[in-house]
Amino acid sequence: MKYTIPFNKPFIAGKELYYIAQAVTFGNLAGDGHFTKQCSRLLEEQFRIEKALMTPSCTAALEMAAVLCELAPGDEVILPSYTFVSTANAIVRVGAKPVFVDIRADTLNIDEQQIEKAITHHTKAIVPVHYAGVGCEMDRIMDIARKHNLLVIEDAAQGVGAYYNNRALGSIGHLGTYSFHETKNYICGEGGALCINEPELIKRAEIIRDKGTNRSEFFRGEIDKYTWVDIGSSYVPSEIACAFLYAQLEMMNVISERRRTIYRQYRKLLKALEVQGCLSLPHIPEDCESNYHMFYILLPDRVVRDALMDYLKKHGIMAVFHFIPLHSSPMGQKFGRQVGDLSITEELSGRLLRLPFYFEMTEGEQEYIVKHLKEGLEDIQMGKGNYSVLQAIES
Ligand SMILES: *Cc1c(COP(=O)(O)O)cnc(C)c1O
């Protein structure tokens, strides 16, 4: 199937190849060279993060966070079921148990009111996931964490450049994780960062990131040889990826401005359908500044959502849905525990449809999408009408 309008098109900011050429010229292509440091510094300064360590992915950063929090068999970690697999995988890999709670119906973020119900004497940490680049209720979540002596790891994979009460997502919890995967706002193909806001965790994070060695200290001249001192893995990204990323991070404001325009245009074009009760549009709370990571709509039910997705596909428009709730997945069932019936998660994951969203999207493309979306909904409505007439005749 060839789509006229794909779901995503990776955006090239302009200087990527130039910076990669520079990295090649500098002659240091492994990790922690000039561009890796530039990316870290930019994130630290821009988002007021104590220490930002670049990683090969957000998944890697979540894995590091699990080790840093010393999660182990017998420990429990509270997270929403409505998230990407990496959030839970990081917990299960170290033998701890993911405890799934429901989401809020307005933002699809973890429902902070459900967190305390899920706390037991095994609970070690909370992982709020900032869905669509809209912040979770972090003030409340940090209060709960303080009260119960828990660590907070923000999964800010989708939240780079977004704010909650004027604080950057990823800079509020003890740890935070970013993604620079091709589908996110600022990209380098595959990439991520671990944000460390707790100074005592920095030294160990550097060691875990570099195969369990104290090589970072060696390179800073703090010790005269480096050796194996802890567990670790290969969590240092290549300079080439960081050179690419730096070109994107420099253009962060331009990228987010453009995404805001696309987001607002969608809202404007779809407002009438919301007023008519055909669908609902995303909500951004007052205290949140979004990075406009995505645009989704909520349809009346799963049948309409699936039919609309098919209709758009037939017209060359790629709209997608996610996530399959983790508590209902084979791994979630095997290793996790759920608190409550997670009815909002189950309902909304069946009703959600993400519309194409990329920097170079034109107004014409947005109008084309919305035109077909309206036609699709009318088509489905008519089909349903016929169906109920048929049912009436049969009965
Ligand atoms: C994209 C994403 C990840 C994984 O990011 P990678 O950089 O691809 O590892 C993790 N959590 C959430 C919520 C995501 O959206």
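Sequence order as written defines residue numbering, which begins from 1 separately in each chain. Per-residue local features are limited, in this predicted model, to residues with pLDDT of at least 70; the limit for side-chain atom pairs, both in listing and counting, is 80 or more; totals at the level of whole chains, interfaces and linings are taken over all residues. Think of the side-chain values as coming from all heavy atoms in the structure, minus any hydrogens and water.

Draft legend 1. Spatial organisation of the site of the ligand. Near the ligand lie 14 residues; those nearest to it are Cys58, Thr59, Asp155, Ser179 and Lys184. Pairs of N or O atoms are called polar contacts if they sit within 3.5 Å, as long as, within protein, a hydrogen donor faces a hydrogen acceptor (for residues adjacent in sequence, only side-chain-to-side-chain pairs). Separating an oxygen atom of the ligand from a side-chain N or O atom of Thr59 is a distance of 2.5 Å. A distance of 3.2 Å separates an oxygen atom of the ligand from a polar atom in the side chain of Lys184. Accessible areas in this description were obtained via Shrake-Rupley with a 1.4 Å probe; residue shielding takes into account the shown protein chains only. Considering the ligand on its own, with 380 Å² of exposed area, one finds that the protein chains cover 93% of that surface. By residue class, the composition of the shell around the ligand is four nonpolar, eight polar and two charged. One heavy atom within 4 Å of a molecule or strand makes the whole residue count as near it. Under this grouping Gly is polar, as are all residues other than the nonpolar Ala, Val, Leu, Ile, Met, Phe, Trp, Tyr, Cys and Pro and the charged Asp, Glu, Lys and Arg.

Draft legend 2. Seen up close, the domain arrangement of the chain. For each domain, the first and last residues come from an automatic or database assignment. On domain assignment, one finds that the chain holds domain 1 (16-250) and domain 2 (252-394). Contacts between domain 1 and domain 2 engage 47 residues on the former and 36 residues on the latter. When the two sides are added together, the surface that domain 1 and domain 2 hide from each other amounts to roughly 3600 Å², 59% of it contributed by carbon and sulfur. Among the residues domain 1 hides against domain 2, the three largest losses belong to Tyr82, Phe100 and Asn185. Together they make up 18% of the total. The term salt bridge refers to a side-chain nitrogen of Lys or Arg lying within 4 Å of a carboxyl oxygen of Asp or Glu. Seen at the junction of domain 1 and domain 2, the total is one salt bridge. Glu76 is paired through a salt bridge with Arg337; the nearest N and O atoms lie 2.8 Å apart. Summed over the shared surface of domain 1 and domain 2, the result is 20 residue pairs in polar contact (both at pLDDT 80 or more). Breaking the side of domain 1 that touches domain 2 down by element, the ones donating at least two residues are helix H2 (34-47), helix H4 (85-93), strand E3 (97-101), helix H5 (112-118), strand E6 (163-164) and helix H9 (239-249). Here the element with the most residues in the side of domain 1 that touches domain 2 is E3; it accounts for five residues. We call two residues contacting when some pair of their heavy atoms lies within 4.5 Å. Summed over both partners, the accessible area (1.4 Å probe) lost when two parts come together is defined as the buried area. The numbering of helices and of strands both runs from the N terminus, where a helix is a DSSP run of H or I of at least 4 residues and a strand a run of E of at least 2.

Draft legend 3. Broad picture of the side chain of Asn197. With respect to the element layout, Asn197 can be found in the loop between strand E9 (192-196) and helix H7 (202-209). Look at Asn197 and you get buried, because its relative accessible area is 17%. At 3.0 Å, the side chain of Asn197 and the backbone oxygen of Gly170 are in polar contact. Within the structure, Asn197 has its side chain in polar contact with the backbone oxygen of Gly173 (distance 2.8 Å). Those residues in contact with Asn197, other than ones at most four positions away along the chain, are Ile49, Glu50, Gly170, Ser171, Ile172, Gly173, His174 and Leu175. For every residue, the accessible area obtained with a 1.4 Å probe (protein chains only) is divided by the maximum for its type, and the residue is called buried under 20%, exposed over 50%, and partly exposed between those limits.

Draft legend 4. Representation of unusual backbone geometry in the model. For the peptide bond that leads from His322 to Phe323, omega is -15 degrees, which places it in the cis range. By secondary structure assignment, the location of Phe323 is in the loop between helix H11 (302-314) and helix H12 (330-335). Positive phi values are uncommon outside glycine, yet Leu108 reaches one of about 65 degrees. If you trace the backbone, Leu108 turns up in the loop between E3 and H5. Accessibility expressed as a relative area gives 2% for Leu108, which makes it buried.

Draft legend 5. Summary view of the pattern of salt bridges. Using the criterion set out here, one finds 20 salt bridges in the structure. Residue Lys211 is joined to Asp210 by a salt bridge in which the shortest nitrogen-to-oxygen separation is 3.7 Å. Judged by relative accessible area, which is 41%, Lys211 ranks as partly exposed. Measuring nitrogen to oxygen at the nearest pair gives 2.7 Å for the salt bridge that ties Asp306 to Arg305. Using a relative accessible area of 30% as the deciding quantity, one classes Asp306 as partly exposed. Several salt bridges share partner residues, and in doing so they unite Arg104, Asp106 and Glu112 into one network.

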